[in-house]
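Now for the letters of each chain:
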Amino acid sequence: MAKQVGGLRQLFLEELQDLFDAEKQLVRALPKMAKSATDTELESAFREHLEVTRGQVERLEQIFESMDSRARSTPCRGMKGIVEEGAEIMGEGRGERLLDSAIAASGRKVEHYEMMGYEAARSIAQQLGMREAAQLLQETLREEMQADRQLAQISKRLLKESGRRSMEAGSETRRATRKSSRGRTTQPKRAARSTSRTSSRS
Ligand SMILES: [Fe+2]
């Protein structure tokens, strides 16, 4: 039985180390995401979340301390992958609204990944009877959910805007096509007339 509790405590520490690394990766990635966003609301959402993330790092340090454990991180490959994909998206040449939509979606992937990590860690803390740690993790979980909701709202607006723009661009193209095709139908007619005149003369 004692071995089982030790195992759970070890698992908890590993989850914390993973989350610690994930948050530190985000402290580096969020300024880049904010810089790449062209929409001001999206940019400030990332900047605000950077501050929130710094607080989350501190909360994790607090939990490590309460367990008399050194705050250390183990590489979180999951977050690394999501951040790398996000960086690729930021480098792709797209229209402003579409680029912002893609960055917002990438941000939501980050939040969902973190939400699952914090939910798992909080459940373990509850199981270990570590009420304070569970509360701290719950607080971070609440912040991640809030960030996700905010990004979802921004994303919805951006998609509506890019949808409207592509419809407008579509009708512009249709108008231009109609105009040029009218021009084109007149040309061949004249050409046809001149050809028939030439051929009748010969
Ligand atoms: Fe976070």
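Please read all numbers here as calculations on a predicted model, not as lab measurements.

## Some remarks on the overall build of the protein chain
At step 1: Looking only at helices and strands, one finds five helices and zero strands in the protein chain.
At step 2: Traced from its N-terminal end to its C-terminal end, the protein chain shows the element sequence α-α-α-α-α.
At step 3: Residue burial in the protein chain is summarised as follows: out of 202 residues, 28% are buried.
At step 4: A separation of at least 24 residues holds for 78% of the contacts in the protein chain among residues at least 6 apart in sequence.

## Here's the deal with helix H4 (residues 96-127)
At step 1: Between its terminal C-alpha atoms H4 stretches 47 Å, which fits the 46 Å expected from 32 residues at 1.5 Å a residue.
At step 2: Directly after H4, the chain includes Gly129, whose backbone phi takes a positive value near 75 degrees.

## Notes on unusual backbone geometry
At step 1: Positive phi is not limited to glycine here, since Asp68 has a value of about 55 degrees.
At step 2: Mapped onto the secondary structure, Asp68 falls in the loop between helix H2 (40-66) and helix H3 (77-91).
At step 3: We classify Asp68 as exposed; it has 6 C-beta atoms within 10 Å.

## Re the nonpolar core
At step 1: Leu16, Leu19, Leu42 and Ala121 are the most contacted members of the largest nonpolar core, which has 34 residues in total.
At step 2: Only helix H1 (2-36), H2, H3, H4 and helix H5 (131-201) provide two or more residues apiece to this core.
At step 3: It is H1 that contributes the most residues to this core, nine residues altogether.
At step 4: In this structure Leu16 touches Leu60, Ile63, Phe64 and Ala121, once residues within four positions along its chain are discounted.

## Considerations on the environment of Met116
At step 1: Secondary-structure assignment places Met116 in helix H4.
At step 2: Under the C-beta neighbour-count criterion, Met116 is labelled partly exposed, with 13 such atoms within 10 Å.
At step 3: Placed 28 residues apart in sequence, Met116 and Glu144 show a C-alpha to C-alpha distance of 10.0 Å.

## Focus: the confidence of the model for the protein chain
Low pLDDT means the predicted atomic positions in that stretch should not be read closely.
At step 1: Overall, the prediction assigns the protein chain a mean pLDDT of 87, with 86% of residues at 70 or greater.
At step 2: The lowest-confidence element of the protein chain is H5, averaging 76 in pLDDT; the highest-confidence one is H2, averaging 98.
At step 3: Confidence drops under a pLDDT of 50 for residues 186-202, and excluding neighbours within four residues, the segment shows zero contacts in the predicted structure.

## Digging into the environment of Leu151
At step 1: With respect to the element layout, Leu151 can be found in helix H5.
At step 2: Residues Leu151 and Arg108, spaced 43 residues apart in sequence, show a C-alpha to C-alpha distance of 6.5 Å.
At step 3: Contacts of Leu151, omitting those with residues within four sequence positions, involve Ala45, Ala104, Gly107, Arg108 and Glu111.

## Some remarks on H2
At step 1: End to end, H2 covers 39 Å across 27 residues, agreeing with the expected 39 Å (1.5 Å per residue, within 8%).
At step 2: Of the residues making up H2, those classed as buried are Leu42, Ala45, Phe46, His49, Thr53, Gln56, Leu60 and Ile63.
At step 3: Of the residues trailing H2, Asp68 is marked for its positive phi of about 55 degrees.

## With respect to the packing of H3 against H4
At step 1: Interaxial distance between H3 and H4 falls to 9 Å at its minimum, and their mutual angle equals 175 degrees. Relative to H4, H3 is oriented roughly antiparallel. Two secondary-structure elements touch here, H3 through Gly78, Met79, Ile82, Glu85, Gly86, Ile89 and Met90 and H4 through Ala102, Ile103, Ser106, Lys109, Val110 and Tyr113.

Thresholds applied
- Here the residue index of a chain counts from 1 through its sequence in written order.
- Under the rules for a predicted model, residues below a pLDDT of 70 receive no local features and side-chain atom pairs below 80 are neither given nor counted, while totals for whole chains, interfaces and linings still include all residues.
- The helix and strand labels rest on DSSP assignments: H or I over at least four residues marks a helix, E over at least two residues marks a strand, and numbering proceeds from the N terminus.
- Using C-beta atoms placed from the backbone, we call a residue buried if 20 or more other C-beta atoms fall within 10 Å of its own, exposed if 12 or fewer do, and partly exposed for counts in between.
- Whether two residues are in contact depends on their C-beta atoms, placed from the backbone: they are in contact if these lie within 7 Å.
- Expected span, for any helix, means 1.5 Å times one less than how many residues it has.
- Core membership is restricted to buried Ala, Val, Leu, Ile, Met, Phe, Trp, Tyr and Cys residues, and these are joined into a nonpolar core through C-beta atoms within 7 Å.
- Residue-level confidence of the predictor, termed pLDDT, takes values from 0 up to 100.
- Each axis is a line fitted through C-alpha atoms, taken for helices only over the stretch in contact, and angles between the N-to-C directions span 0 to 180 degrees.
- We call two directions roughly parallel when the angle between them is under 35 degrees, roughly antiparallel when it is over 145, roughly perpendicular when it lies between 65 and 115, and oblique otherwise.

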